[in-house]
Amino acid sequence: MQDYIDIDNKNRQFQSLLEDSPLAVYTSDQHGHLTFFNQAAVQIWGVIPVLAEDLWLGPWKIYYPDGRPMGLKESPMARALFHEERSENEEVMLQRPDNSFRRLLAFCLPTYTPDQEFCGTYNTFVDITAKTSYETKQSVLSAIVESSDDAIISKDLNGIISSWNQGAQRIFGYTEAETIGKPVSILIPKQRLQEEDNILSQIRQGNKVKHFETIRVTKTGKLIPISLTVSPVKDMSGKIIGASKIARDITEQVEAQAAIKRNAQNLELLNSIGKVILQKLEVKEVLQQVTDITTKITGAAFGAFFYNTFNDNGEAFMLFTLSGAPREAFESLGMPRHTDLFKPTFSHREVIRVDDITKDSRYGKNAPMAGMPNGHLDVKSYLAVPVVSTSGEVIGGLLFGHPQAGRFKAEHEDLVESIASQAAIALDNSKLFEEVTAMSDKKDEFIALASHELKTPLTTIKGYLQLLSKKEQDRVNALFLDKTLDQVAKLNALVADLLDVSKIEAGKLQFNLEHFDLRLILKEVMETFPYTYKSHKIIFHDQFEPAFVYADKQRIEQVINNLLTNAIKYSPNADLVEVSVDRNPDTVTVRVKDYGVGLKEEHKRKIFTRFYRAEGVENISGLGIGLHLTKEIIDRHKGEIGVESKFGKGSEFYFSLPAHKF
Ligand code: ADP
C-alpha cells in the first residue's frame, strides 16, 4: 500500500504509526481518491477499498445522528473536499455494505501543500457505536425505573439507600433527597426490623428474595401491605455490592382478597338465613335470625326489627326482635314514630343510609325529644331497610346503628335488602300458614261438634225404630222399617267415622291392644256382608292357618270393613271380591282384591289423605275419610298399607301387621 505514496522516511514512520492507530484514519487527494487508510478505517467501512481508485466514500450511505439521510455532499468529508471546510466532532451514522450501522465522530480537515495549495483531505473517525448503544440502554433503563409504578430502590450491603425512584416516592411519600444515604429501615415497622437482617443475609449469600409479602411504613406513619422482591447487585468482577429492591403496593390485592373472604362469609350467612327462612314458619324465630345475621353482616353495634303497626295515636312501630343490645335499652324509651327520618322507610319503602345521623337535616326536628331520647344507645351511622310483603305493604323495618360515623356502605344496603326480601316472603308464608291452620282448626272443631251433635238424635231414632220393628207390622211396613234401620246404620257409621277423624286430629284416638287371630276376625266380618251387599260374592282364599297379631280388634275390624265396603262400592260392574291372608315369620298380610274402576297412578298415594276422593267417583257416595282412618289405624299399629291397581281393571288393597310371636 505504501508504494502508492511518495513519502520520505519520516513520513513512513508516521504512516506506520497511523496504520496501527485505533482511530480510523484516511486521506484523499484533491479529487477525492483515497491516498491512505488504516485498518481501523477498514473495520468501520466493512470493506477494503482500492487506493487511488476508489473515491473517499464509495457506495456508502450516510445519515444524521437522528436517522435522517444525509446527502453525500453535506457530509463533513465532502465539505472538507469541496469547500475546504474543517469539521470536528461531528456525529454521523454510516450504513455499511452489510446494512449494519456505525456511529462515528468525524474530524475532517482539508490538507495543503507547503505552498498552501489545497491538495486533499485528512479524515479521522472515532467509532462511538458501542458507547451510544450503552448510553441508550442506560437511558431506557432509567426511564423504565423512573416511570415504574413500583418502588425501585437500591441499597448497599449495610442497608443504606443508594437510589430511589418516583414509584418509591409515590408509595412511601419520601423524596429521593430525603432517602439517599439513609438506612432502608426507615421504611420498616419496628416489630419487623428483623426482616431486614434476614433479607440482607440472603443477599450476601447471593440469593434472591422473591414476592415476600410484608408490611412497610410510609412517611406519614401509615402501614401498607407490600410485596418485595430483592436481588443482589454485583460489580463487574461479580462481587456482591448491594441489593436492588422492588416493592409493590398490594393494598388493592389485599383489600380485594379481604372482600372475597367477606363475600364468601356473607354468602354463607345468606345461605344459612335462606335455610332458616325455608325451614321455620315460626315468625319470631325467623325474624330473630334475620336480625342477628343482618346485624353481623353490616357490622352494626345493634340491629332491630320493628313491626309497622297502628295504634290509637296512628302509626307506630313495635320493637319485635333485637340483636346486639338489651331490650331494656329500647323499651324504656318508647317506640320510634313516623318522623321525617323513619317515614321514608316505613311509609315509602325506602332504604335510608346516613353516615352521621346527628348531622342529618332530618334529625332532631321532632318534639318532645328533638333527637334521640336520653339514654338512647349512641348512634351515628344509621341504616334502615324496609321489609315489604309481596302485596307491597311495609311489614316493618330493619334498623341498624353504630356509634362511629360512616360505618355502613352500599354493599351492606344490598345485602340487607336481599335478606329483607327473603324474610318478607317467610313472613307472608307464615301469615298464610297461620291463617290456614286457624281455618283448619275451626274445621276440625266443627267436625267434632257436628258429629257429636248428630250422634245423639241418631241413637234416639235408632232406638225408636227398633222398638217399632218389634211390634206386629204388615209386610210393607216391616220392609220400610228394615230399610230405614239400614240407612240409620249407615248414618251411624258415617258419624262414627267423622268422630274418629276429629279424634285423630286431636290426637285422641285410643287403642286397646290384645292377641287375636286375624284370620278368624276376617272370616267373621266377611260373613256379615252377604246380608247387606247382595250384589257381590266374596271369596276367601283360606290357608287354614292361624295368623296371630297383637292389635286393637275393633279397629282392625273397622279396617277390614272399610276395605271390603270400598271393594264392593268401587266395582259396580263386577260381582266378585277376593280376600286372602298370608302369614310369614314377621308379618301378617291381608289382601282385598276387586275388579272394579281401579285407580290412576296419580291418585294411588293421595287417596289415603283426609277428604280425598279420586276423580270420576262422584256418583258413588262417600266422604273420603275411610282410607284416611284405615291408614291411621294401620300406621299406629306399626303396620303397612298400600294399593296395587290398574285403572279400569280393578284394585288390590293390602295391609300388614307385625305377626305376634309366641
Ligand atoms: P270414600 O269411599 O268415602 O270416598 P275412602 O277414604 O274410603 O272414602 O276412599 C277414598 C277414595 O279412594 C275413594 O273416593 C275412591 O276414589 C278411592 N277408592 C277407595 N277404594 C277404592 C277401590 N277399591 N277401587 C277404586 N278406588 C277406590
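Please refer to the structure placed before this passage.
A brief report on the enclosed structure follows.

Conventions and cut-offs
Residues numbered from 1 in each chain as written. Predicted model: local features only at pLDDT ≥ 70, side-chain atom pairs only at ≥ 80, totals over all residues. Heavy atoms only, no water. Helix = DSSP H or I, 4+ residues; strand = E, 2+ residues; numbered from the N terminus. Expected span 1.5 Å × (residues − 1). Buried < 20%, exposed > 50% of the residue type's maximum accessible area, 1.4 Å probe, protein only. Arc of directions from axis to C-beta. Contact = heavy atoms within 4.5 Å. Near = heavy atom within 4 Å. Polar contact = N/O pair within 3.5 Å; in protein donor to acceptor, adjacent residues only side chain to side chain. Areas by Shrake-Rupley, 256 points an atom, 1.4 Å probe, with all protein chains shown as cover. Pairing = 2+ DSSP bridges. Axes fitted to C-alpha atoms, helices over the stretch in contact; angles between N-to-C directions.

**A look at helix 7 (residues 193-204)**
Phase 1 of the analysis: With 12 residues, helix 7 ought to run about 16 Å at 1.5 Å a step, and its terminal C-alpha atoms sit 17 Å apart, in line with that.
Phase 2 of the analysis: Among the residues of helix 7, those classed as buried are E195, E196, I199, L200 and I203. The buried residues of helix 7 occupy one face: seen down the axis, they fall within an arc of 130 degrees.
Phase 3 of the analysis: Buried residues along helix 7 sit in contact with strand 7 (151-156), strand 9 (209-217), strand 10 (223-234) and strand 11 (240-249).
Phase 4 of the analysis: Looking one or two residues beyond helix 7, the residue adopting positive phi is G206, at roughly 85 degrees.

**A closer look at the site of the ligand**
Phase 1 of the analysis: With respect to spatial proximity, 21 residues lie near the ligand, and among them N566, Y570, R613, L623 and L627 are the closest.
Phase 2 of the analysis: Separating an oxygen atom of the ligand from a backbone N or O atom of L623 is a distance of 2.9 Å.
Phase 3 of the analysis: One of the side-chain N or O atoms of S651 is found 3.4 Å from a nitrogen atom in the ligand.
Phase 4 of the analysis: Coverage of the ligand by the protein amounts to 97% of the 530 Å² it exposes when considered alone.

**Re the pairing of strand 7**
Phase 1 of the analysis: Among the six residues of strand 7, five are classified as buried, and the element is accordingly described as predominantly covered.
Phase 2 of the analysis: As judged from the three bridges shared by strand 7 and strand 8 (residues 161-164), these two strands associate in the antiparallel manner. If you follow I153 over to strand 8, its bridge partner there is W164.
Phase 3 of the analysis: What sits between the antiparallel neighbours strand 7 and strand 8 is a turn of four residues, in which G159 has the positive phi angle 80 degrees.

**Thoughts on the sheet that holds strand 6 (residues 118-127)**
Each strand in a sheet pairs with its neighbour through backbone hydrogen bonds, running either in the same direction (parallel) or in the opposite one (antiparallel).
Phase 1 of the analysis: Taking strand neighbours across the sheet as the criterion, the six strands line up as 2-1-6-5-4-3 in an open arrangement whose pairing is antiparallel. Looking at which strands have only one partner, the edges of the open sheet turn out to be strand 2 (34-37) and strand 3 (61-63). Averaged over all neighbouring strand pairs, the angle between strand axes comes to 30 degrees, with direction disregarded.
Phase 2 of the analysis: Pairing between strand 1 (residues 24-29) and strand 2: three bridges, direction antiparallel. Note that in strand 2 the partner of T27 across the bridge is F36.
Phase 3 of the analysis: The strands touched by helix 3 (residues 76-83) are strand 1, strand 3, strand 4 (87-95), strand 5 (101-112) and strand 6; relative to strand 6, the strand with the most contacts, the crossing angle is about 165 degrees.

**Some points on helix 16 (residues 626-636)**
Phase 1 of the analysis: When helix 16 is considered as a whole, its buried residues turn out to be G626, L627, H628, L629, T630, I633 and I634.
Phase 2 of the analysis: Summarising the contacts, the buried residues of helix 16 are in contact with helix 13 (475-505), helix 15 (553-569), strand 22 (640-646) and strand 23 (650-658).
Phase 3 of the analysis: The first or second residue beyond helix 16 is K638, which carries a positive phi of 60 degrees.

**Observations concerning the side chain of T124**
Phase 1 of the analysis: With respect to the element layout, T124 can be found in strand 6.
Phase 2 of the analysis: By relative accessible area, T124 is classed as buried at 10%.
Phase 3 of the analysis: If near-sequence neighbours (up to four positions away) are discounted, T124 is found in contact with L23, A24, V25, L105, A106 and F107.

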